[in-house]
Amino acid sequence: MAEKKPADPRVANVVKQMARKLQADIADMGRLRNGPPPKTFPQFREIRNRHREIQGLMFSIQERIAESGDLLPANFAQWLVRQKLNELAFFTDISHAFISDPPIALTHSLGAFDVLTSEQASFNEVLGYFDMMLFEAGIDDKTADELDATRTKIEHTLAMIGRLLDQSPKVLQEFD
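Residues numbered from 1 in each chain as written. Predicted model: local features only at pLDDT ≥ 70, side-chain atom pairs only at ≥ 80, totals over all residues. Heavy atoms only, no water.

**What about the nonpolar core?**
Right, on to step 1. In terms of nonpolar packing, the biggest core is built from 40 residues, with Leu22, Ile61, Phe76 and Ile154 touching the most fellow members.
Right, on to step 2. At the level of elements, helix H1 (9-34), helix H2 (41-68), helix H3 (76-100), helix H5 (112-137) and helix H6 (141-167) are the ones that each hand at least two residues to this core.
Right, on to step 3. Among the elements that line this core, the one with the most residues is H3, at 10 residues.
Right, on to step 4. Among all residues touching Ile61, those that are not within four sequence positions of it are Val15, Met18, Ala19, Leu22, Phe76 and Leu80. (Core = buried A, V, L, I, M, F, W, Y, C linked by side-chain atoms within 4.5 Å. Buried < 20%, exposed > 50% of the residue type's maximum accessible area, 1.4 Å probe, protein only. Helix = DSSP H or I, 4+ residues; strand = E, 2+ residues; numbered from the N terminus. Contact = heavy atoms within 4.5 Å.)

Written out as structure tokens, the structure reads:
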């Protein structure tokens, strides 16, 4: 049986610094959610890229939790799951607002079909792990209601994307 490696204080310190950055990034995403919705696809893409960067940061933190051992608070992993859910709720609200009133470039340009297909795949993936995160978070009833509203918004966004896909110009295919 292999011995458990002792916690590395340097890794724990890095994780704590990453957690502070994560909190700041999520607060920024919250400010974006409370502001006006993006009006153009490039604005939305920039927000989506921030969302993906935050997801990457969360993944990096999660990978280092075990190495930090008991040098992090006991509920740190659960805290991280809650941060994932909060950030996802913020991004979902921004996406829903954008897709609810999309610019013509997103609905009628030749590249729209690819963009919408990509967004649809992303939101389908989110639904796949959303319930797992809810289970891991150990949430109270009030938070469960808020997250249920987020899930409903994700499903509604997927339906809107589906309608936009039906209306957007299809990808031109080359025949041999």
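**Side note on H2**
An α-helical turn contains 3.6 residues, so a residue and the one three or four places further along point in the same direction.
Right, on to step 1. A rise of 1.5 Å per residue sets the reference length of H2, with its 28 residues, at 40 Å; its end C-alpha atoms lie 40 Å apart and thus fit the reference within 8%.
Right, on to step 2. When H2 is considered as a whole, its buried residues turn out to be Phe41, Phe44, Ile47, Arg48, His51, Ile54, Leu57, Met58, Ile61, Ile65 and Ser68.
Right, on to step 3. Positive phi shows up at Gly69, right after H2, with a value of about 55°. (Expected span 1.5 Å × (residues − 1).)

**Some remarks on the packing of H1 against H2**
Right, on to step 1. Look at H1 against H2: their axes get within 9 Å of each other, and the N-to-C directions meet at 155°. By the angle between their directions, the pair H1 and H2 is classed as roughly antiparallel. Crossing hand, H1 versus H2: left-handed. Contacts between H1 and H2 pair Val11, Ala12, Val15, Met18, Ala19, Lys21, Leu22, Asp25, Ile26, Met29 and Leu32 from the former with Ile47, Arg50, His51, Ile54, Leu57, Met58, Ser60, Ile61, Arg64, Glu67 and Ser68 from the latter. (Axes fitted to C-alpha atoms, helices over the stretch in contact; angles between N-to-C directions. Parallel < 35°, antiparallel > 145°, perpendicular 65-115°, else oblique. Left-handed = near helix turned anticlockwise from the far one by under 90°.)

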